[in-house]
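# Descriptive analysis of the structure
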Amino acid sequence: MPASVVLGAQWGDEGKGKAIDQLANHSTWTVRFQGGNNAGHTIVLGDTTLKLHQIPSGVSHEHCNLVLGDGMVIDPWVLEEELDKWHALTGERPEGKRLFISERASIILPFHKLYDGADRVVGTTGRGIGPTYRDRTERVGIRFADLRGMVDDTEAIRSQAERMSKQLSTVGVSEGIEASELQSDLRWILERYSDAIRPTGLMVDLALRNGERVLLEGAQGAMLDIDQGTYPFVTSSVTSRANATHGAGIHPGHVDQCFGITKAYTTRVGNGPFPSELPLDEGSGMHMAQVGNEYGTTTGRPRRTGWLDMVALRESNRINGYTGLVVTKLDVLGGLDELRICIGYEMDGRTLHVMPTTSEDLARCSPIYETHPGFPAMPQEDWIAMAEDSRSEGTGFDAFPKVIRDYLVRIEQLAGVSIVSVGVGPDRRASVASKGGPFDLPADEATF
Ligand code: GDP
Ligand code: IMO
Ligand code: MG
């Protein structure tokens, strides 16, 4: 069976973790292909909430193998914390058994975090992501495959430590990197993960050739893509469908489904232009932030909120060619008198239907809205009951009142993509799937 790609269609935090968890019941592999622990993917299973940064979101399904793929940058210390938390929760130690780390993935070291901490422009997560990718592009980074040859090479380690210390001094960080500490860090990483470090591209390729279903789990979102996003206010990796297979070590011909995950509104963490942004301290923007609990999963920073931006979503579809849209957090809009959708921008008296290329121009755009009637707020139990009834009765989106159906149909028209699932709460059960669509699957309980 082929591979399915799940991508953020906006500026991240769209609900990718929940979508992967829902699909993972029917897949045997989940592969992260880019990014690192700048990601925070949430899965809510009844009373248990998992916040995953590097462990792929198929983890709650015992049959699902987990890969931290070639295109990732990985913080070994954060991964250890995540694995310990998982062990405390379930008693399982998946590393080396069903969780594998690509030999080709790059290692995030203390140097990268210190360097990233000096960022004052982009508003990064400070997790060392950009500096680790920069080292990789400069061909001086350390990959998991390099550890075995390097741990005893005192000269190579000394020269790495010297380079790192010099670079830190250029951004005003006085702390240096000691060669002896770097050496013991690298030794620890090799010992801790030696069972899990594998040629994961070969493993995933073999699984596909054996007829297994593979999920490729995106991190961040289309508008944070290094090439296609709102540069320079972006992350350092290619977040798109084109990189999903490449970063997993397989070829693009394997993919038959690509889902774009979008909130029913928009959020953004960190700096950069956001044309449909609303004030956070009043009205609909405050409603979205409070009801949607819009705080970054990784850094806890408040997320900026705004109306759904169809210009951005169309750009994101141009890059990724979604075969289906997953609209999340529809429930959060309940209780607003009216809903708005940004259908274009105005810049210097001109109407734009595509995003300008520079962030400076995008910052000068004001949104052009169309307005739709709102719908009442409902308690979570009622949304879950609606979702479960829709599943058991096979009604799909007919479970929704007309005002919601009209809003969804309008999004489909503007995006040119069908909606395959609508999120009505954080819980894994709180989604209404399109009838007979790719998310219309039996929702078994998690195996842990
Ligand atoms: P990701 O990074 O794309 O996986 O998204 P995050 O986990 O960072 O942020 C999404 C947040 O929204 C999490 O707290 C989820 O539990 C929550 N969430 C996901 N889908 C829904 C939904 O349909 N409704 C509500 N109310 N919350 C949702
Ligand atoms: P998930 O996978 C939302 C943002 C940061 C910053 C910019 C660059 O949970 O959707 P970086 O640390 O990557 O160099 O920061 O990108 N950012 C995210 N925003 N969700 C994410 O991940 C993000 N990962 C990075 O806030 O603006
Ligand atoms: Mg997130």
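The sections below set out a description of the structure shown in this document. (Residues numbered from 1 in each chain as written. Chains lettered and ligands numbered in written order. Predicted model: local features only at pLDDT ≥ 70, side-chain atom pairs only at ≥ 80, totals over all residues. Heavy atoms only, no water.)

### Section: the overall build of the chain
Looking only at helices and strands, one finds 14 helices and 20 strands in the chain. Here the C-alpha atoms of the chain give a radius of gyration of 22 Å, agreeing with the 22 Å that 2.2 N^0.38 yields for 448 residues. Along the longest, intermediate and shortest principal axes, the C-alpha atoms of the chain span 70 × 50 × 40 Å. Across the 448 residues of the chain, 57% fall into the buried class. Surface accessibility of the chain: about 17,800 Å² in total, with carbon and sulfur atoms responsible for 50%. A distance of 3 Å separates the average location of the 44 positive side-chain charges in the chain from that of its 61 negative side-chain charges. (Helix = DSSP H or I, 4+ residues; strand = E, 2+ residues; numbered from the N terminus. Rg over C-alpha atoms; globule rule 2.2 N^0.38 Å. Buried < 20%, exposed > 50% of the residue type's maximum accessible area, 1.4 Å probe, protein only. Areas by Shrake-Rupley, 256 points an atom, 1.4 Å probe, with all protein chains shown as cover. Lys, Arg positive; Asp, Glu negative; His and termini not counted. Charge placed at Lys NZ, Arg CZ, Asp CG, Glu CD.)

### Focus on helix 8 (residues 200-209)
Within the span of helix 8, buried status applies to T200, G201, M203, V204, A207 and L208. Each buried residue of helix 8 lies within a common arc of 165° when the element is viewed along its axis, so the set occupies one face. Of the residues in helix 8, the exposed ones pointing more than 90 degrees away from the buried face are L202 and R209. As for helix 8, its buried residues are in contact with strand 1 (3-8), strand 2 (29-32), strand 5 (65-68), strand 7 (99-102), strand 9 (197-198) and strand 10 (214-217). Trailing helix 8 by a residue or two, G211 shows a phi angle of about 90°, which is positive. (Arc of directions from axis to C-beta. Contact = heavy atoms within 4.5 Å.)

### Some details on the site of ligand 1
Inspection of the region around ligand 1 gives 20 residues, with K16, G40, T42, T297 and D331 positioned closest. One of the backbone N or O atoms of G17 is found 2.9 Å from an oxygen atom in ligand 1. Contact with the protein chains hides 92% of the accessible area of ligand 1, taken as 580 Å² for the molecule alone. Where the shell around ligand 1 is concerned, the elements lending two or more residues are helix 1 (16-24) and strand 3 (41-45). Taken together, the residues that form the shell around ligand 1 break down as four nonpolar, nine polar and seven charged. (Near = heavy atom within 4 Å. Polar contact = N/O pair within 3.5 Å; in protein donor to acceptor, adjacent residues only side chain to side chain. Nonpolar A, V, L, I, M, F, W, Y, C, P; charged D, E, K, R; others polar.)

### A few points about the coordination of the magnesium ion (ligand 3)
Taken together, D13 (OD) and G40 (O) make up the full set of protein donors to the magnesium ion (ligand 3), lying 2.0 to 2.2 Å away. Here the residue D13 occupies a position in the loop between strand 1 and helix 1, and G40 occupies one in the loop between strand 2 and strand 3, the gap between them amounting to 27 residues. The class for G40 is buried, based on a relative accessible area of 9%. (Donors = N, O, S within 2.8 Å, 3.2 Å for Na, K, Ca; no water.)

### Topic: unusual backbone geometry
Geometrically, the link from Y231 to P232 is a cis peptide bond, its omega value of 5° lying close to zero. On the secondary structure map, P232 appears in the loop between strand 10 and helix 9 (241-246).

### Quick notes on the side chain of T328
As for its position among the elements, T328 is in strand 15 (residues 324-328). Taking the relative accessible area as the measure of exposure, T328 reaches 8% and is therefore buried. Beyond its immediate stretch of four places on either side in the chain, T328 contacts E14, I261, T262, K263, A264 and G423.

### Here's the deal with the site of ligand 2
D13, K16, H41, T125 and T235 are the nearest of the 20 residues found near ligand 2. At a separation of 2.7 Å, an oxygen atom of ligand 2 approaches a polar side-chain atom of K16. Protein chains shield 98% of the accessible area of ligand 2, which is 550 Å² for the free molecule. A breakdown of the residues in the shell around ligand 2 according to their chemical character gives seven nonpolar, ten polar and three charged. Taken domain by domain, the makeup of the shell around ligand 2 includes at least three residues from each of domain 1 (3-101 + 199-433) and domain 2 (106-193). (Domains from an automatic or database assignment.)

### Quick look at helix 2 (residues 76-90)
The terminal C-alpha atoms of helix 2 lie 21 Å apart, and with 15 residues this matches the ideal 21 Å at 1.5 Å per residue to within 8%. Within helix 2, burial applies to P76, V78, L79, E82, L83 and W86. Seen along its axis, helix 2 keeps its buried residues to an arc of 155°; they face one direction. Opposite the buried face of helix 2, at more than 90 degrees from it, the exposed residues are E81, K85 and A88. Where helix 2 begins, the side chain of D75 points an oxygen toward the backbone nitrogen of W77, at a separation of 2.9 Å. (Expected span 1.5 Å × (residues − 1).)

### Focus: the packing of aromatic side chains
Considering all chains together, one arrives at seven aromatic pairs under this definition. Centre to centre, the rings of W11 and F274 are 5.7 Å apart; their planes meet at 35°, and the pair counts as tilted. On the criterion of sequence distance, the pair formed by W11 in the loop between strand 1 and helix 1 and F274 in the loop between strand 12 (266-268) and helix 10 (283-291) is long-range, its members being 263 residues apart. The two residues W11 and F274 agree in class, both being buried. Taking 5.6 Å as the distance between ring centres and 15° as the angle between the ring planes, the aromatic pair formed by W77 and W188 counts as stacked. Pair noted here: W77 is in helix 2 and W188 is in helix 7 (residues 179-193), with a separation of 111 residues, a long-range link. (Phe/Tyr/Trp six-rings, centres within 6.5 Å; stacked < 30°, edge-to-face > 60°.)

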